[in-house]
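# Chain and residue survey
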Amino acid sequence: MSDIRLEGVTRRYGAVAAADSVDLSVTQGEFVTILGPSGSGKTTLLSLIAGLNRPTSGRIFIGGRDVTEAPAQERNIGLVFQSYALFPHMTVLENVLFPLGVRKITGATARTQALDALKLVRLEGLHDRRPSQLSGGQQQRVALARAVVFKPDILLLDEPLGALDRKLREELQVELKQLQRTLGVTTLLVTHDQEEALSLSDRIMVLNHGKTQQVAAPTEAYLKPANRFVAEFLGIANFIGLPGGGTGLVRPERVKLEAAGVNGGRPAKVIEAIYLGQMVRYHLELEGGAAPMVAAQPFVGRAYAAGEKVSVSWDATDLWPVA
Ligand SMILES: Nc1ncnc2c1ncn2[C@@H]1O[C@H](COP(=O)(O)OP(=O)(O)O)[C@@H](O)[C@H]1O
Ligand SMILES: [Mg+2]
């Protein structure tokens, strides 16, 4: 197990800086997610850490060792990509044995390690199948087993659940979290899915145009975003004009709705009430031409209907000033 440190890591492609002076410290055993829109430089950053790509400038340290110039095979990193990238002509077991063979681990030792890894991802009994005989979720479990079987110092996952449907993705998120906790392996996950980032990680790093926007614990990034980009990327953002100038963010869950006329809230009309199972999301129009707002409240038997007049308020402590 190792920590990761990036110091001023930059990767240019002509005029584009796919990674732009990125600093990051990931402590041993930590689970950090790199979150950003398509093209923000997430894959570039992972490939630089993996040694599949070289920075234009800056240094990369793994376990305190400067690996900036070290080839990929000297970095002891487990990798999983969105496309499963399994060997189609090999069985499940052969796929998982492969990285051990590369490391000259063979025979009974290799077999025990491979079977342990397959057990860890709950694929006992499917050893002899070929990838084409597995579902997408099962294939990605094989890819995970293959990435951890040789006890890597670091696990790098590039949108590993991106190709799976929602229900399966949620199941595998839980398994991935459990696997990471069991192994205690330092993990960097790349995703463009904010819910995935918020739910899995110890900390998230938000990227845009190759630049770090914020590195923080999920709740901090969500409730106290460093800027407008982070505020909008991490969920629904209500921006409120503050009395002395400036803008405040209030998240939908922190917006309180009451019957019209109650205790000095702002009068508003429900434009749309969207039932989401446990929650109802309200799209609101405030009187006086202020920007529309969104509120999210637990569903407790009754919801306000479209067209209904309500009273909207929030606590001053739930406002976060954004630049
Ligand atoms: N090999 C390359 N050659 C030229 N441009 C590249 C190369 N790889 C990535 N880029 C550019 O760098 C930026 C970041 O790409 P990438 O790291 O793949 O983003 P992400 O994974 O967040 O979608 C994009 O503008 C992309 O077009
Ligand atoms: Mg990518």
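You'll find the structure just up there.
A quick note: this is a predicted structure, and the numbers were derived from the prediction, not measured.

### Some details on the packing of aromatic side chains
Considering all chains together, one arrives at 4 aromatic pairs under this definition. An angle of 10° between the planes, with centres 5.6 Å apart, marks the rings of Phe-229 and Phe-233 as stacked. On the criterion of helical spacing, the pair formed by Phe-229 and Phe-233 is a turn pair, its members being 4 residues apart in helix α8 (residues 228-233). Lying over the aromatic face of Phe-61, Arg-5 brings its terminal NZ or CZ to 4.3 Å of the ring centre. Over the ring of Phe-150 we find Arg-103, and its NZ or CZ is 3.6 Å from the ring centre.

### A word on the packing of helix α2 (residues 92-102) against helix α3 (residues 107-120)
Relative to each other, α2 and α3 sit at 120°, their axes nearing to 9 Å. Judged by the inter-axis angle, α2 sits oblique to α3. Considering how the two elements wind past one another, α2 and α3 form a crossing that is right-handed. Contacts between α2 and α3 involve Val-92, Leu-93, Val-96, Leu-97 and Leu-100 on the former and, on the latter, Ala-110, Arg-111, Gln-113, Ala-114, Leu-115, Ala-117 and Leu-118. Split by residue class, the contact of α2 with α3 holds 10 nonpolar, 1 polar and 1 charged.

### Things to note about unusual backbone geometry
Look at Arg-122: it is not a glycine, yet its phi comes out positive at around 60°. The residue Arg-122 is located in the loop between α3 and α4 (136-148) in this model. We note that Lys-151 has phi near 55°; this positive angle belongs to a residue other than glycine. Of note, Lys-151 is situated in the loop between α4 and β7 (154-158). On the accessibility criterion, Lys-151 (59% relative accessible area) is exposed.

### So, α2
Within the sequence span of α2, burial applies to Val-92, Leu-93, Asn-95, Val-96, Pro-99 and Leu-100. Looking at the packing, one finds that the buried side of α2 touches α3 and α4. In the stretch just after α2, Lys-104 is the one whose phi turns positive, near 65°.

### Focus on the site of ligand 1
In the vicinity of ligand 1, the contacting residues are Tyr-13, Ala-18, Pro-37, Ser-38, Gly-39, Ser-40, Gly-41, Lys-42, Thr-43 and Thr-44. Backbone polar atom of Gly-41 to an oxygen atom of ligand 1: 3.0 Å apart, as the coordinates give it. Within the contact set of ligand 1, an oxygen atom lies 2.5 Å away from a side-chain nitrogen or oxygen of Thr-44. Within the complex, 56% of the 560 Å² of free accessible area of ligand 1 lies under protein. Top element by residues in the shell around ligand 1 is helix α1 (residues 42-50). It accounts for 3 residues. Partitioning the shell around ligand 1 into residue classes produces 3 nonpolar, 6 polar and 1 charged.

Scoring rules and cut-offs
Residues numbered from 1 in each chain as written. Chains lettered and ligands numbered in written order. Predicted model: local features only at pLDDT ≥ 70, side-chain atom pairs only at ≥ 80, totals over all residues. Heavy atoms only, no water. Phe/Tyr/Trp six-rings, centres within 6.5 Å; stacked < 30°, edge-to-face > 60°. Helix = DSSP H or I, 4+ residues; strand = E, 2+ residues; numbered from the N terminus. Lys NZ or Arg CZ within 6 Å of the ring centre and 35° of its normal. Axes fitted to C-alpha atoms, helices over the stretch in contact; angles between N-to-C directions. Parallel < 35°, antiparallel > 145°, perpendicular 65-115°, else oblique. Left-handed = near helix turned anticlockwise from the far one by under 90°. Contact = heavy atoms within 4.5 Å. Nonpolar A, V, L, I, M, F, W, Y, C, P; charged D, E, K, R; others polar. Buried < 20%, exposed > 50% of the residue type's maximum accessible area, 1.4 Å probe, protein only. Near = heavy atom within 4 Å. Polar contact = N/O pair within 3.5 Å; in protein donor to acceptor, adjacent residues only side chain to side chain. Areas by Shrake-Rupley, 256 points an atom, 1.4 Å probe, with all protein chains shown as cover.

Bear in mind that shape data such as this cannot, by itself, settle questions of function.
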